[in-house]
Amino acid sequence: MVKTKNDTVLDKESSSETRPHKKARVNDPEIMPALEEEVNDGGGHVDNGAEITSTVNAMERVAGSTKSATGDLNALPTTSKHSSGASQSTLAVKTVIPHPTKQMIDDTEVEEYNDALKLRLQKLSEYTNPKANIYALGKLLPTATWGPYKPVNDRSKMLCDPATGEPLTIWVVGRIAKMWFVKQGRPESQASITVLPLSQSLARQSGLLLTKFSNPTLSLNQQKVDIIRAMKWQNAKAGDTISEPILFDAVYDMRQEGSLKTYSERPLWKLTDLKPGDLILLEMKMTRYSRKTEDNKWHSRAQYEMVAISLLHIADLPEDEAQGMQQIDGLAI
């Protein structure tokens, strides 16, 4: 039997010291309070009758303590390692993206869906809940920056609200392009999922965010800008011991309206039943990791880290596959 988990850990290329210990499951009802049924309509009003419910940011309690990576760059403007407050970095979302795109969804990307699903996708793409630190990718907190360094419960490698020092959960809606969770029937240590967002301008904006929050900054041609890729470690490190990889299991069935609730209340979906083309809501954090280059210098790279995957619509099988299945089913042997 394949084991499953949803621990939060960092990119494979970061030093092993930056990977936190497993503390709790993300869908544990004891750490996941009930959600408020609020949807920001983009105009500052709240629709209490709307279907979408705010996901309280319990993931930061799952992440555990994180140590600062040796050789982390001082070039990034951050607070002192002894600072106990929120980060005062001048590098913020608004300095990288002063004029965010207003095109959250391209019409050509949703023409196959019914009106009810289109409306739902629009709400998800514009959703914000500052109290729960949840922001759609196109509606990111303008002042968000790398969090403060702390000896315990470090936030310096996570995109945070500077007013609280707490990490943001980022939502993006898109179609699955590629998944990598299992190798030769066993969970891979480092998993990833790649999605095609419903707006190409939003995808380019995401690419710009990752390049500018890296140090040294990257050029856009070094970052694929038509896709969004999120990583996940499926094993954890405790001291010198690395656990056996356990298949990511924060996967939910959100096809029915009203099903977007707390993690413990969401209907589950099998990761192995997801396929390219399926429409999902990807919940993630923006983090950074450090690695040493060939010239013996430390570089910092921004990335997205998987938190949860929620299925919104199952893609139809291609006609050739469907016909092939029908022909095989009809064979008389």
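Here is what the cut-offs are and how they apply
Counting restarts for each chain: residues are numbered from 1 in the order of the written sequence. Confidence filtering applies because this is a predicted model: local features only for residues at pLDDT of at least 70, side-chain atom pairs given and counted only at 80 or more, and all residues used for totals across whole chains, interfaces and linings. Each side-chain value is worked out from all heavy atoms of the structure, with water and hydrogens disregarded. A helix here means a DSSP run of H or I that spans at least four residues, while a strand means a run of E at least two residues long, and both kinds are numbered starting from the N terminus. Burial here depends on accessible area, computed with a 1.4 Å probe over protein chains only, as a share of the maximum for the residue type. Under 20% is buried, over 50% is exposed, and the range in between is partly exposed. Here a residue-residue contact requires only that any non-hydrogen atoms of the pair lie within 4.5 Å. By this definition, two strands are paired if DSSP reports at least two bridges between them. Each pair of aromatic rings taken from Phe, Tyr and Trp, with Trp reduced to its six-membered ring, is defined by centres within 6.5 Å and is described as stacked if the planes are under 30 degrees apart, edge-to-face if over 60, and tilted in the remaining cases. A ring is scored as having a charge over it whenever the NZ atom of a lysine or the CZ atom of an arginine sits within 6 Å of its centre and within 35 degrees of its normal. Whenever Lys or Arg places a side-chain nitrogen within 4 Å of a carboxyl oxygen from Asp or Glu, that contact is recorded as a salt bridge. By arc we mean the arc of the directions from the helix axis to the C-beta atoms, nothing more. Each polar contact in these results corresponds to two N or O atoms within 3.5 Å; when the atoms are within protein, one needs to be able to donate a hydrogen and the other to accept it, and residues that are neighboring in sequence are counted only if both atoms are side-chain atoms. Side-chain atoms within 4.5 Å are what join buried Ala, Val, Leu, Ile, Met, Phe, Trp, Tyr and Cys residues into a set we call a nonpolar core.

**Points about the environment of F213**
Move 1: Tracing the backbone through its elements, the reader meets F213 in the loop between helix 5 (200-212) and strand 9 (228-233).
Move 2: Of the residues examined, F213 reaches a relative accessible area of 0% and is grouped as buried.
Move 3: Each C-alpha atom of the pair F213 and M286 lies 9.8 Å from the other, and the pair is 73 residues apart in sequence.
Move 4: In this structure F213 touches L91, A92, V93, V96, A144, T145, W146, L159, M286 and A302, once residues within four positions along its chain are discounted.

**Side note on the environment of W180**
Move 1: Along the chain, W180 turns up in strand 7 (residues 169-183).
Move 2: Judged by relative accessible area, W180 falls into the partly exposed class, the value being 37%.
Move 3: On a C-alpha basis, the gap between W180 and M231 in space is 9.4 Å, while along the polypeptide they are 51 residues apart.
Move 4: In contact with W180, not counting residues within four places along its chain, are E188, Q190, A191 and S192.

**Thoughts on the pairing of strand 8 (residues 186-197)**
Move 1: Most of strand 8 is tucked away, with 10 of its 12 residues classed as buried.
Move 2: Pairing of strand 7 with strand 8 involves eight bridges; the strand directions are antiparallel. Note that in strand 8 the partner of V182 across the bridge is P187.
Move 3: In the sheet, strand 8 pairs with strand 9 via six bridges, with the strands oriented antiparallel. What sits directly across from T194, in strand 9, is R229.

**A short note on the packing of aromatic side chains**
Move 1: Applying the stated rule across the entire model yields four aromatic pairs.
Move 2: Between W146 and F213, the ring centres sit 5.4 Å apart and the planes meet at 85°, which makes this aromatic pair edge-to-face. Within this pair, whereas W146 is found in strand 4 (residues 145-146), its partner F213 is found in the loop between helix 5 and strand 9, the two being separated by 67 residues in sequence. Both residues of the pair, W146 and F213, count as buried.
Move 3: Looking at R266, its charged tip hangs above the ring of Y252, at a distance of 5.3 Å from the centre.

**Thoughts on the pattern of salt bridges**
Move 1: Within this structure, the stated rule accounts for seven salt bridges.
Move 2: The residue R175 makes a salt bridge to E112 at a minimum N-O spacing of 3.3 Å. Of this pair, R175 sits in strand 7 while E112 sits in the loop between helix 3 (107-110) and helix 4 (115-125), and the two are 63 residues apart along the sequence.
Move 3: Residue R175 is classed as buried on the basis of its relative accessible area, which comes to 14%.
Move 4: We classify E112 as exposed; its relative accessible area is 55%.
Move 5: Salt-bridge contacts for E244 lead to R186; the nearest nitrogen and oxygen are separated by 3.7 Å. Pair noted here: E244 is in the loop between strand 11 (241-242) and strand 12 (247-248) and R186 is in strand 8, with a separation of 58 residues, a long-range link.
Move 6: We classify R186 as exposed; its relative accessible area is 53%.
Move 7: Taken together, the shared-partner salt bridges connect E109, E112 and R175 into one network.

**Points about helix 4**
Move 1: The set of residues buried in helix 4 consists of L117, R120, L121, L124 and S125. Mapping the buried residues of helix 4 onto a view down its axis gives an arc of 130°, with all of them on the same face.
Move 2: Each element contacted by the buried residues of helix 4 is listed here: helix 3, strand 3 (134-136), strand 7, strand 14 (279-292) and strand 15 (298-313).
Move 3: The N-terminus of helix 4 is capped by N114, whose side-chain oxygen sits 3.2 Å from the backbone nitrogen of A116.

**Points about the nonpolar core**
Move 1: Counting 62 residues, the largest nonpolar core has L121, I193, L282, M286, Y304 and I309 as the members making the most contacts within it.
Move 2: With eight residues, strand 15 is the largest single contributor of residues to this core.
Move 3: Here M286 is in contact with W146, K157, M158, L159, I170, L209, L210, F213, A302, Q303 and Y304, once residues within four sequence places are set aside.

**Remarks on the sheet that holds strand 6 (residues 166-167)**
Move 1: On the basis of which strands lie adjacent, the open sheet formed by three strands has the order 4-5-6 and antiparallel pairing. The sheet is open, and its two borders are formed by strand 4 and strand 6, each paired with just one other strand.
Move 2: Summarising the sheet, strand 5 (residues 159-161) and strand 6 pair through two bridges and their orientation is antiparallel. Residue pairing for strand 6: C160 is matched across the bridge by P167.

**Here's the deal with the pairing of strand 7**
Move 1: As defined by bridge partners, strand 3 adjoins strand 7 across three bridges and the pair is classed as parallel. If you follow A136 over to strand 7, its bridge partner there is W171.
Move 2: Pairing geometry for strand 7 and strand 14, over six bridges, is antiparallel. Bridging from a neighbouring strand, W171 pairs with E283 of strand 14.
Move 3: Hairpin connection, strand 7 to strand 8: the antiparallel pair is bridged by two residues, and Q184 has positive phi, about 55°.

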